[in-house]
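What the coordinates show
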Amino acid sequence: MARLSDAPPSTDADETPALPGDGLREGIVDDLRNRIGDAIVDVHLVPNDDLWVRVRTDAWRQTADALKAAGFTFFGFLSGLDWLPSPYGKGEEDPTAEPEEPDTEIRQGVTGGDTRFQVFARLVDLDRHVGITVKADVPDDEPVVETWTTVFAGANWHERECHEMFGIGFAGHPDLRNMYLPGDFEGYPLRKDFPLLSRMIKPWPGIVDVEPMPVQDEPDADQAAQEESAS
Amino acid sequence: MTMMSERQQLSYIASQAADARLNVELETEGMTLNIGPQHPATHGTLRIICRLDGEQVVWAEPGCGYMHRGYEKLTEVRTFPQVTTLVNRIDWLGSFANEVPFILAAEKLMEIEAPPRAQVIRTILFELSRIANVSLFLGDLGVQMGAVTPVFLAFRDREYVLNLIEGATGGRFHPNFDRIGGLKDDLPKGWIDETRQAIAKLREFCDIIEDLLFGNEIFQSRMRGIGIIPADIAKDYGLSGANLRASGVDFDLRRDQVLPMAWDKADWKVWTHPDGDSFARCWVRLQETRESCKIVDQLLDQIPAGPIMTKVPRIIKVPEGEAWVSTENPLGEMGYYVVSKGDLGPFRVKIRSASFNNISIVPWALKGVYVPDIITILASLYFILGDIDR
Amino acid sequence: MGLVDKGRMPAPLTKLFNMSRSYSLWVYQWGLACCAIEMGAAFGSPRYDVMRLGVIPLPASPRQADFVCVSGTVTDKMAPAVKRLWEQMPEPKYAISMGSCANCGGPYWDSYSVTKGVDQIIPVDVYVPGCPPRPEALLEGIVLLQQRIKNEDMAAKWRGIEATPNEQARLDRESDRSAAVAPAAEPEREPIVVGGGPIE
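Throughout this description, residue numbers start from 1 for each chain and increase along the sequence as written. As they are written, the chains are lettered A onward and the ligands numbered 1 onward, keeping that order. In keeping with the model being predicted, local features are shown solely for residues with a pLDDT of at least 70 and side-chain atom pairs are shown and tallied solely at 80 or more, while totals for entire chains, interfaces and linings include all residues. Processing note: side-chain calculations cover all non-hydrogen atoms of the structure and skip hydrogens and water entirely.

On to the overall build of chain C. Counting secondary structure elements, chain C contains nine helices and six strands. Burial classes follow relative accessibility: with a 1.4 Å probe on protein chains only, a residue under 20% of its type's maximum area counts as buried, one over 50% as exposed, and anything between as partly exposed. Sorting the 200 residues of chain C into buried and exposed places 50% on the buried side. Considering only intrachain contacts with a sequence separation of at least 6, the fraction spanning at least 24 residues in chain C is 77%. Computed with a 1.4 Å probe, the accessible areas rest on the Shrake-Rupley method; for each residue, only the protein chains presented here act as cover. When the accessible surface of chain C is split by element, carbon and sulfur atoms take 57% of a total near 9300 Å². Each helix is a run of H or I in the DSSP string that is no shorter than four residues. Each strand is a run of E no shorter than two, and both are numbered from the N terminus. Whether two residues touch is decided by their heavy atoms; if any such pair falls within 4.5 Å, the residues are in contact.

Quick look at the structure:
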């Protein structure tokens, strides 16, 4: 990851600067491959920064066991991701402008994926000071994954919250009831097709500005864009 | 079972027997005690439902959600600067500290870094918000034990820090001062000297509280040996911050990860305690406040000259990607997982708040304790409702 | 008080009662979120001391309180508790809504779980805007409430009370008084906003 404090990037397109190696994280990936083998679907490693691993859905709890045995004993969090672009937009568009075509393509993030929903979790190894983010697809037709509560007791509450916000089931969870929402709440709020009704009834008052928004093609904006595209 | 003390084992057995008694035709019934949601001893609207057998808790469950404002959904319909404004209000006592991990995650996605001056000032404000947060904790600790005096001292001495934050940022809490690429404004003239005076007063406050509260015999006997949480249980539940360090785990995100902030420029110490009981947790926080005063003092001498913000475009569109940044906030480890699709605002933000994990241990920790100890354990775990419920 | 509800209260006595009522208020602090800390600073800290205005902060229960200061976000899950609290307070009672979350939903105006303003649940007398309002703003709100109390017509307020079922039954038994107490709705309250300006 280039930083401002680094040397200016080389302009020669053929010469790719050698990235610093990250033995620690590569070792973790190798160790995980030894433990769970072909359950790993995709790996995204940013050297000296962070590590993402996507595993097969049926190996979700197996991954937790393997990582805990490998030293990742600190439970960070567990939650869900909904990759559907919101059909309601952001509610900040200028009402006098032409409405744009809404983007309906589901594009997953860093380690790819095949389904609309994914679960992801973060575990940390406190001795080696390194963390790992694991993701797994959630099948579209039956959104259920295994629970982590037998491995990490703290996953109990996180799975309850994920269930009430996304509607993802956790097989084997002792007590999957609502965490935050009242009992008679209908719908799963964090799904992208759950509308925020206040925004639909009344548009955000800040759209109508007294002075117009700053124009896009300013000299410092252009310069910053050129710097970013060169680095 | 082996990780519990003998007293806890006996009470566990007693609670199992109590459960059995409750299930049979019985002369006495267990009582359901409902603490909250509005109660002076809880930092906000937390409801604890306990089933008691006499004076012992058989089963306890916190009922959250009374302050659930739907942060993660709201961030999806706001731009990055608007999310910064909103996110102040999660941990409403140490407010600048909430903005920092989010801004750092956005900067990570944009692959920029704030200039050194901004980094040092960010760290100073971060530590000041930690002092503001924990000083109120120390005062509130007294109120929850039944001693009302320390909270007046806490409010009075906290005013010094709030004046400083207001002088620099314009808001007593909820500063909205951090921006992607730096800070909104530079420090006003005379702020550094005033900060030094305020830090001296806060050191006195720490000494007074140690004498008044921690040295009190009643406090000690109510806190020592209560609510022991062993280290592996703490890690299982994801306890962080002073709760983890009080169980003997030497882990502090300020020291153990590399972030573009200025903690490595100061010479400070990480405090741990082997016991893991309520007294340990409170004591570690007191020492951390003193350590924060030390950090601020050292950093005030080291503010470099320079710009306060890097060059960023007027309208910020963060490139596509995912980033996770977490920092050692006053309550524990607070982190943001920001997913961006190249828009004006984030696609999804997962807010990992410290108190959510800290309170998830309450059903385990309250098994078999006596009723007065419920409040003691909750007080020492230290949560803020906005942090639990988001 | 026989004089009050029959409307035969001499004006100087009303003025005396109103003045003493306004300077001996017992406030119930319903602190929910960040505004609760500013309310604590206003009520508890020696710098913005509220006791010099004649208002004492910590009542033992809502049944002994004169007015409630709702500060912080009211969620839909919490709303029934607020309603129950309001019903527990005996007349004459007032409400101050502190902070923009309690006024209108505030920064969470588009959330799925936030009640957009506590005035959807209880009738509010004074709105104190801000996020969070400074303690001085809250004290200004209390001063405005005191001025309102001083100018109140006690007889009309007394007669306008909606009788609870027990009270109504008792009054019906004493048939000579049943004509005087007409079950009416809660009196119309014209709210004030600190800092002036209309309520939008």
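Having put the structure on the table, let's press on.
Let us look at the overall build of chain A. Of the regular secondary structure elements, chain A holds five helices and seven strands. In chain A, the succession of helices and strands from N to C terminus is α-β-β-α-β-β-β-β-α-β-α-α. In chain A, buried positions account for 42% of the 231 residues. Here the contacts in chain A between residues at least 6 apart in sequence split such that 63% fall between residues at least 24 apart. Summed over all atoms, the accessible surface of chain A reaches about 12200 Å², with 51% contributed by carbon and sulfur.

Our next topic: the pattern of salt bridges. When the charged atoms of two side chains with opposite charge come close together, those side chains can pair. Salt bridges are identified by distance alone: a Lys or Arg side-chain nitrogen within 4 Å of an Asp or Glu carboxyl oxygen. Counting across every chain of the model gives 45 salt bridges over all chains. In this structure, Arg116(A) and Asp193(A) form a salt bridge, with 3.4 Å as the shortest nitrogen-oxygen distance. Within this pair, whereas Arg116(A) is found in the loop between β3 (74-82) and β4 (117-125), its partner Asp193(A) is found in the loop between β7 (169-171) and α4 (197-201), the two being separated by 77 residues in sequence. Residue class for Arg116(A) comes out buried when judged on its relative accessible area of 15%. The closest approach of N and O atoms between Glu72(B) and Arg348(B), which form a salt bridge, is 3.0 Å. One end of the pair, Glu72(B), is in helix α2 (residues 71-75); the other, Arg348(B), is in strand β8 (residues 348-352), and 276 residues separate them in sequence. In this pair, the class of Glu72(B) matches that of Arg348(B), namely buried.

What follows is about the sheet that holds strand β5 (residues 130-138) of chain A. Residue and element names in this part refer to chain A. Pairing between strands is defined by DSSP: at least two bridges between them are needed. The strand order across the open sheet built from five strands is β1-β2-β5-β4-β3, with neighbouring strands paired in mixed fashion. Single-partner strands in this sheet number two, and they are β1 (40-46) and β3. Direction aside, neighbouring strands of the sheet carry axes that sit 20° apart on average. Note: β4 against β5, nine bridges, orientation antiparallel. When the sheet's bridge partners are listed, Arg122 is paired in β5 with Thr133. Think of each axis as a best-fit line through the C-alpha atoms, taken over the contacting stretch in the case of a helix, with angles from 0 to 180 degrees between the N-to-C directions.

On to the nonpolar core, then. Side chains that are nonpolar tend, in soluble globular proteins, to be buried together. By size, the foremost hydrophobic cluster in this structure holds 205 residues, and its most contacted members are Trp60(A), Trp148(A), Phe214(B) and Trp30(C). Those residues in contact with Phe214(B) that lie beyond four places of it in its chain are Leu138(B), Leu141(B), Ile209(B), Phe219(B), Gln220(B), Phe279(B), Cys282(B), Trp283(B) and Leu286(B). Side-chain atoms within 4.5 Å link the members of a nonpolar core, which is a set of buried Ala, Val, Leu, Ile, Met, Phe, Trp, Tyr and Cys residues. Grouped together as the second largest cluster of nonpolar side chains are 24 residues, Leu53(C), Ile96(C), Val128(C) and Ile142(C) included.

So, about the environment of Gly113(A). Residue and element names in this part refer to chain A. Among the structural elements, Gly113 can be located in the loop between β3 and β4. We classify Gly113 as buried; its relative accessible area is 19%. Note: C-alpha distance between Gly113 and Ala155 (42 residues apart in sequence) is 23 Å. With residues up to four places along the chain from it excluded, the contact list for Gly113 reads Arg54, Gln108, Gln118 and Asp137.

The partner chain B presents 53 residues to the 62 residues of chain A that form the contact. Take the accessible area each of two parts loses on contact, using a 1.4 Å probe, and add the two losses: that sum is the buried area. Taken over both partners, the interface formed by chain A and chain B buries close to 5100 Å², and the fraction arising from carbon and sulfur atoms is 56%. The interface formed by chain A and chain B includes eight salt bridges. Residues Lys68(A) and Asp236(B) are paired through a salt bridge, measuring 2.9 Å at the closest nitrogen-oxygen approach. Distance and chemistry together define a polar contact, namely a pair of N or O atoms within 3.5 Å, with one atom able to donate a hydrogen and the other to accept it when in protein, and with adjacent residues in sequence counting only for side-chain atoms on both sides. Where chain A touches chain B, the interface holds 21 residue pairs in polar contact (both at pLDDT 80 or more). Secondary structure elements with two or more residues in the side of chain A that touches chain B: β2 (50-55), β3, β4, β5, α3 (155-166) and α5 (219-230) of chain A. When residues of the side of chain A that touches chain B are assigned to their parent elements, the largest contribution, eight residues, is made by β3(A). Broken down by class, the residue content of the side of chain A that touches chain B amounts to 32 nonpolar, 12 polar and 18 charged. Lys, Arg, Asp and Glu make up the charged group, whereas Ala, Val, Leu, Ile, Met, Phe, Trp, Tyr, Cys and Pro make up the nonpolar group; the residues left over, Gly among them, are polar.

A common measure of how large an interface is: the accessible area buried when the components associate. The interface is formed by six residues belonging to chain C together with 15 residues belonging to chain A. Broken down residue by residue, the surface that chain C buries against chain A is led by Trp109(C), Asp110(C) and Tyr112(C), which jointly contribute 75%. On the surface where chain C and chain A come into contact, there are zero salt bridges. Counting across the interface, chain C meets chain A through zero residue pairs in polar contact (both at pLDDT 80 or more). Residues that form the side of chain C that touches chain A fall into these classes: two nonpolar, one polar and three charged.

All names here are of chain C. When you tally the buried positions in strand β4 (residues 94-98), you get five out of five residues, the bulk of the element. Side chains Tyr94, Ile96 and Met98 of β4 all project onto a buried face; the interleaved residues Ala95 and Ser97 project onto the opposite face, where all are buried too. Judged from the five bridges that link them, strand β3 (residues 67-71) and β4 form a sheet pairing that is parallel. Considered in β4, the bridge of Phe67 is made with Tyr94. As paired strands, β4 and strand β5 (residues 126-128) are joined by three bridges and run parallel to one another. What sits directly across from Ile96, in β5, is Val126.

The residue Gly225(B) is located in the loop between α8 (217-223) and α9 (231-237) in this model. If we ignore the near neighbours within four places in the chain, the residues touching Gly225(B) are Arg7(B) and Asp277(B).

It is worth stressing that arrangement in space is one thing and function is another; only the former is reported here.
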